[in-house]
Amino acid sequence: MNRRKTISGLIAVLGAGLLGVGLPQTAAAAEINLTYAFFAPARTFPARQMTHWAEQLAKRTNGKVDVKTFPGGTLLGAKDMYDGVAKGVADIGLGSPSYDPGRFPLTSGVALPVGFTNATQASRALWAVTKEFKPKEYEGFKVIAMFTNEPGYIMSKTAVKNAADLAGMKLRAAGTGVPVLKALGAAPIGMPMPEVPQSVQTGVINGAMTSREVLQDFKLAESLKFVTDYPTVVVAFAAVMDQKKWDKLPADVKKVIDELAEEMPAWTGNYHDNENVGAAMAWAAKDYKLQVVTLAADERARWDGKLKPMEDEWVKEMSGKGLPAAAYLKRLHELRDQFKK
Ligand code: 3IO
């Protein structure tokens, strides 16, 4: 035993006691230190998931693992998230596979108009189908958490109450949302979420299609005054670690991370569906007079009809690439029904 260390430790504890202050958390140095990057601000729901995960990992390993989080793109941005993790810039990275459907082709199936009604349902389906199919697109990575947002809505500067209002409108979506907006007749632009506020301000876009909490979490209600009450498609999120880094973790830590992976879809979906979105809608209505635009029944039916061919087209395209697209989509439909509340 190191006598000197023990004595100085004792003095430190006594000193802290005498001064009436507790030792800082970091005094008990963690054995394992991990960095975790995310591309959007700390107040957003994916970042809350990151914080919750980091807290739970520390707690359930009794402080053996310390995770330092980097929200807001301070370590890696939306477009370099997965390459950054592969290169070791961050140990863990939370990105959106839906931003790059070419790189994550099978996962893009989750962002088809399959009729998810909320984030909890879609998140559980995404995680289940990923475990079952183990898509090749995650090779080299260990997936530690997955979830989605709620199906996206069109939020715009001017009201969209029919196809004519939408025709040619410059709207932003995630990569997987671009064909949806195209099918509905808009002029879509694929763009990561953090670029949206400035793009609205400068007139590059007249709105966006995504989950409604962005009205508050990105302050978009200031300029986007209308939401069309037509749920479209979700966006997938996946937090990953480099596989080789994962392999080196001790078994007890791996066990806790695997346990957390099972919890994160429902935890995140529940927060997003039952707190985040509702609070944002109430805030936007009260402080910014947000208007919810309803589609007439016949108009809604026509929109549904425009999106109908997308599933078959996706299966055809992905099957051509040798992917098990038909089986994946069939299973996704089953999981959608299974997780429907
Ligand atoms: C999203 C991404 C980062 C932070 C908050 C967010 N809310 C919804 C999304 C999904 C998204 O980026 C998209 O493209 O619809």
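Given the structure is predicted, the values throughout are model-derived calculations rather than measurements. Every chain begins its residue count from 1, and numbering advances along the sequence as written. Totals for whole chains, interfaces and linings use every residue, but because this is a predicted model, local features are given only for residues with pLDDT of at least 70 and side-chain atom pairs only at 80 or more, for both listing and counting. Calculated side-chain values reflect all of the structure's heavy atoms, with hydrogen atoms and water omitted.

1. Let's talk about the overall build of the chain
Point 1. Counting from the N terminus, the helices are the DSSP runs of H or I reaching at least four residues and the strands are the DSSP runs of E reaching at least two. Secondary structure assignment for the chain yields 13 helices and eleven strands.
Point 2. Computed over its C-alpha atoms, the radius of gyration of the chain comes to 22 Å, within 12% of the 20 Å expected for a compact globule of 341 residues.
Point 3. Considered along the principal axes of its C-alpha atoms, the chain spans approximately 80 × 50 × 35 Å.
Point 4. The rule is simple: take the accessible area with a 1.4 Å probe, protein chains only, and divide by the maximum for that residue type; under 20% is buried, over 50% is exposed, in between is partly exposed. By residue count, 50% of the 341 residues in the chain fall in the buried class.
Point 5. Contacts spanning at least 24 positions in sequence make up 76% of the contacts within the chain whose residues lie at least 6 apart.
Point 6. When the accessible surface of the chain is summed, it comes to about 15,800 Å², and 55% of that surface belongs to carbon and sulfur atoms. Both definitions apply: the radius of gyration is a C-alpha atom measure, and the globule rule equals 2.2 Å times residues to the power 0.38. For this analysis, residues touch if any pair of their heavy atoms sits within 4.5 Å. All accessible areas in this document rest on Shrake-Rupley with a 1.4 Å probe, and a residue is counted as covered only by the protein chains that are shown.

2. Digging into the pattern of salt bridges
Point 1. We count a salt bridge whenever a side-chain nitrogen from Lys or Arg sits within 4 Å of a carboxyl oxygen from Asp or Glu. Throughout the structure, instances matching the rule amount to 18 salt bridges.
Point 2. For the salt bridge of R60 with E263, the shortest nitrogen-to-oxygen distance reads 2.9 Å. Note that R60 is positioned in helix 2 (residues 45-60) and E263 in helix 10 (residues 251-288), a separation of 203 residues in sequence.
Point 3. For the salt bridge of D242 with K244, the shortest nitrogen-to-oxygen distance reads 4.0 Å.
Point 4. For K244, a relative accessible area of 57% gives the class exposed.
Point 5. If you follow the salt bridges from partner to partner, you end up with E132, K330, R331 and E334 in one network.

3. Comments concerning the domain arrangement of the chain
Point 1. As used throughout, domain bounds are those supplied by an automatic or database domain assignment. One can read the domain layout of the chain as domain 1 (32-149 + 235-277) and domain 2 (153-233 + 282-338).
Point 2. The C-alpha-based centres of domain 1 and domain 2 are spaced at 23 Å.
Point 3. At the interface, 34 residues of domain 1 touch 31 residues of domain 2.
Point 4. When two parts are brought into contact, each loses some accessible area as probed by a 1.4 Å sphere; the total of that loss over both is the buried area. Taking both partners together, domain 1 and domain 2 bury about 3,100 Å²; carbon and sulfur atoms supply 68% of that area.
Point 5. On the domain 1 side of the interface with domain 2, the three residues burying the most area are L106, L112 and P113, jointly 19% of the side's total.
Point 6. Our enumeration of links across domain 1 and domain 2 arrives at one salt bridge.
Point 7. Two residues, R331 and E132, come together in a salt bridge whose shortest N-O distance is 2.6 Å.

4. Details of the nonpolar core
Point 1. Residue types Ala, Val, Leu, Ile, Met, Phe, Trp, Tyr and Cys, when buried and joined through side-chain atoms within 4.5 Å, form a set referred to as a nonpolar core. Membership of the largest hydrophobic core comes to 106 residues, with the highest contact counts inside it found for W53, L215, W314 and L332.
Point 2. For this core, the element with the highest residue contribution is helix 10, accounting for eleven residues.
Point 3. Each of domain 1 (32-149 + 235-277) and domain 2 (153-233 + 282-338) accounts for three or more of the residues forming this core.
Point 4. Aside from chain neighbours lying at most four places away, what touches W53 is Y36, V67, I92, I144, I257, L260 and M264.

5. Quick word on the pairing of strand 1 (residues 32-38)
Point 1. With five of seven residues buried, strand 1 lies mostly within the body of the structure.
Point 2. If DSSP finds at least two bridges between two strands, the strands pair. Note that strand 1 and strand 2 (residues 65-70) share six bridges and pair parallel. Among the inter-strand pairings, L34 is bridged to a residue of strand 2, identified as V67.
Point 3. A clockwise course of the path from the first strand over the helix to the second, judged with the strands pointing away from the viewer, identifies a crossover as right-handed. With helix 2 bridging strand 1 and the parallel strand 2, this β-α-β connection has right-handed handedness.

6. Describing the sheet that holds strand 10 (residues 236-242)
Point 1. Spatially, the five strands line up as an open sheet ordered 2-1-3-10-4, and their pairing is mixed. Bordering the open sheet on either side are strand 2 and strand 4 (141-148), each of which pairs with just one other strand. Between one strand axis and the next, the sheet turns by 20 degrees as a mean value, whatever way the strands run.
Point 2. Where strand 1 meets strand 3 (residues 92-95), three bridges bridge the pair, whose relative direction is parallel. From the neighbouring strand, F38 faces strand 3, where its bridge partner is L94.
Point 3. Lines are fitted to the C-alpha atoms to define the axes, a helix being fitted only along its stretch in contact, and any angle between axes, read from their N-to-C directions, falls within 0 to 180 degrees. Where helix 2 meets the sheet, it contacts strand 1, strand 2, strand 3, strand 4 and strand 10, and its direction lies at approximately 165 degrees from that of strand 2.
Point 4. In the packing of helix 10 onto the sheet, contacts are made with strand 1, strand 2 and strand 4, and the angle to strand 4 comes to roughly 20 degrees.

7. So, helix 4 (residues 119-133)
Point 1. The span one expects for a helix is its residue count, reduced by one, times 1.5 Å. Over its 15 residues, helix 4 runs 21 Å from end to end, which matches the ideal 21 Å to within 8%, given 1.5 Å per residue.
Point 2. Here helix 4 has its buried residues at A119, T120, Q121, A122, S123, A125, L126, W127, A128, V129 and T130.
Point 3. Looking at the buried residues of helix 4, the elements they touch are strand 4, strand 10, helix 10 and helix 13 (325-338).
Point 4. Within 3.5 Å is the distance limit for a polar contact, defined as a pair of N or O atoms, with the added protein rule that one can donate a hydrogen and the other accept it, and that residues adjacent in sequence qualify only through two side-chain atoms. N-cap assignment for helix 4: the residue whose side-chain oxygen lies 3.1 Å from the backbone N of T120 is N118.
Point 5. Following helix 4 by one or two positions, K134 has its phi on the positive side, about 40 degrees.

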